[in-house]
Amino acid sequence: MVSYPLIIIGALVIFSYLFDIVARKTKFPAVVLLLALGIGLQYPVAYFGLEVPNFTAVLPLLGTIGLILIVLEGSLELDFEREKLKMMRQSFGAALFILLVTALGITGVFYYYSGASFMQSFLNAVPFSIISSAIAIPSVAKLIKAKREFIVYESTFSDILGVLVFNFALVNEVVTVRSVMELGWQIVVILAVSVALCLLLLYVLSKLTHHVKFFLIISIILLIYGIGKMLHLPTLVIVMAFGLMLRNADLIEVKWFKKYFLYKTLDADLHQLSQLTAESAFIARTFFFLLFGFTMDVNSLLLPEVWYIGLPIIGLIFAVRFIYLRFVTKLFFPEFFIAPVALLPCCLYLAYR
């Protein structure tokens, strides 16, 4: 009986690999194919009356691990240069504006149709406004470097800001001056902690001599993220900061930093960590979207209420994105089509529903 799960797992990973190849050649998102495969698996399971575990409980954990790995993978590929400061400001502005305006627009839709309170409607609207890195980063792998980096920065900023705003709405039923000041204090704390922890991780990496060290680094990152999530802190910024610091460590012109944190095999370690992170993210992403598709209630798409609410939300998402990219950043194609929502919103809903 052990053979059957091994056969299934192996076959699913092979299918995912083939989907990834198709996506790179056709620009058609591999995640859609994974979701379709997951949905398709519902029918033979139901037809043969097979008993399967309830996967809903593991989806938030699997999705969170995938999100961390994908953000780390993307940040390990970003070269920091002064010439890119404008692009970074543009990507941050796009992430913030699109997140807030889209969330407020969708809040109005939820408020109108559901009659829930404004804050409850806003809380449910935020996940729909996040440009998740899990889809955005793999989708732009074949774009030119400038466009790819814009999307990597924008989607990562969107993830971080989205978690921050979602947690703020989760713990504050009413927006007050005190709650806003607490939010500002959290941001200051997380930035300071990010710098300290990034230096610690880089120092640990430089001192490790054991042949297994990259999974230890990833495990420490998971630990830090988990602790931060318990405290409702946007610790995803630590993941991004560590990747950026590791990638661009040689650009830091500080004597004590070079003395204690730079070492001979840094470039080789960076290459190995990038490869390991990419392959681990591939596995996590594969099984998250397969299981998510497998647990979806496809029949709910036949309900008129889904279309009454869904179509205005889709229209709002693309309208806000079009306005900002076209008239503020002067960007349009293909950035316009890299829109919400994906893995992170699913995780937020599954974790707090």
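Residues numbered from 1 in each chain as written. Predicted model: local features only at pLDDT ≥ 70, side-chain atom pairs only at ≥ 80, totals over all residues. Heavy atoms only, no water.

1. A word on the overall build of the chain
So, step 1. Along its length, the chain carries 14 helices and zero strands.
So, step 2. Along the chain, helices and strands appear, N-terminal first, in the series α-α-α-α-α-α-α-α-α-α-α-α-α-α.
So, step 3. Burial analysis of the chain (353 residues in total) assigns 44% to the buried set.
So, step 4. At a minimum sequence separation of 6, the contacts of the chain that also span at least 24 residues come to 77%.
So, step 5. For the chain, the accessible area works out to roughly 19000 Å², and carbon and sulfur atoms hold 71% of it. (Helix = DSSP H or I, 4+ residues; strand = E, 2+ residues; numbered from the N terminus. Buried < 20%, exposed > 50% of the residue type's maximum accessible area, 1.4 Å probe, protein only. Contact = heavy atoms within 4.5 Å. Areas by Shrake-Rupley, 256 points an atom, 1.4 Å probe, with all protein chains shown as cover.)

2. Points about the confidence of the model for the chain
So, step 1. When pLDDT is averaged across the chain, the result is 79; 88% of the residues are at 70 or more.
So, step 2. Averaged pLDDT values over the elements of the chain bottom out at 60 in helix H14 (residues 343-352) and peak at 86 in helix H12 (residues 266-295). (pLDDT = per-residue confidence, 0-100.)

3. Structural notes on the environment of isoleucine 224
So, step 1. Tracing the chain through its elements places isoleucine 224 in helix H9 (residues 214-230).
So, step 2. Given the relative accessible area of 15%, isoleucine 224 is considered buried.
So, step 3. Taking C-alpha positions, isoleucine 224 is 8.8 Å from leucine 197, a pair spaced 27 residues apart along the chain.
So, step 4. Not counting residues up to four positions away in its chain, the partners in contact with isoleucine 224 are Leu197, Leu201, Thr235 and Ile238.

4. Overview of the side chain of lysine 213
So, step 1. By the element assignment, lysine 213 lies in the loop between helix H8 (177-207) and H9.
So, step 2. A distance of 3.1 Å separates polar atoms of two side chains, one belonging to lysine 213 and the other to aspartate 269.
So, step 3. Those residues within four positions of lysine 213 in sequence are excluded, and the remaining contacts are Leu205, Leu208 and Asp269. (Polar contact = N/O pair within 3.5 Å; in protein donor to acceptor, adjacent residues only side chain to side chain.)

5. Observations regarding the nonpolar core
So, step 1. By size, the foremost hydrophobic cluster in this structure holds 65 residues, and its most contacted members are Val126, Tyr153, Ile221, Phe242 and Leu246.
So, step 2. By size, the runner-up hydrophobic cluster in this structure holds 13 residues, among which are Phe19, Leu37, Phe288 and Phe289. (Core = buried A, V, L, I, M, F, W, Y, C linked by side-chain atoms within 4.5 Å.)

6. Examining the packing of aromatic side chains
So, step 1. On inspection of all chains with the given rule, the structure shows twelve aromatic pairs.
So, step 2. With a centroid separation of 5.1 Å and 90° between ring planes, the pair formed by tyrosine 47 and phenylalanine 48 is classed as edge-to-face.
So, step 3. Its relative accessible area of 59% is what places phenylalanine 48 among the exposed residues.
So, step 4. Judged by centre distance (6.1 Å) and plane angle (70°), the ring pair of tryptophan 256 and phenylalanine 261 falls under edge-to-face.
So, step 5. The exposure class assigned to phenylalanine 261 is buried, which follows from its relative accessible area of 9%.
So, step 6. The structure contains a cluster of three or more aromatic residues connected by ring pairs, namely Tyr203, Trp256, Phe257 and Phe261. (Phe/Tyr/Trp six-rings, centres within 6.5 Å; stacked < 30°, edge-to-face > 60°.)

7. Quick notes on the environment of leucine 201
So, step 1. By the element assignment, leucine 201 lies in helix H8.
So, step 2. Residues leucine 201 and isoleucine 217, spaced 16 residues apart in sequence, show a C-alpha to C-alpha distance of 7.0 Å.
So, step 3. Not counting residues within four places of it along the chain, the set of residues in contact with leucine 201 comprises Ile217, Ile220, Ile221, Ile224 and Phe242.

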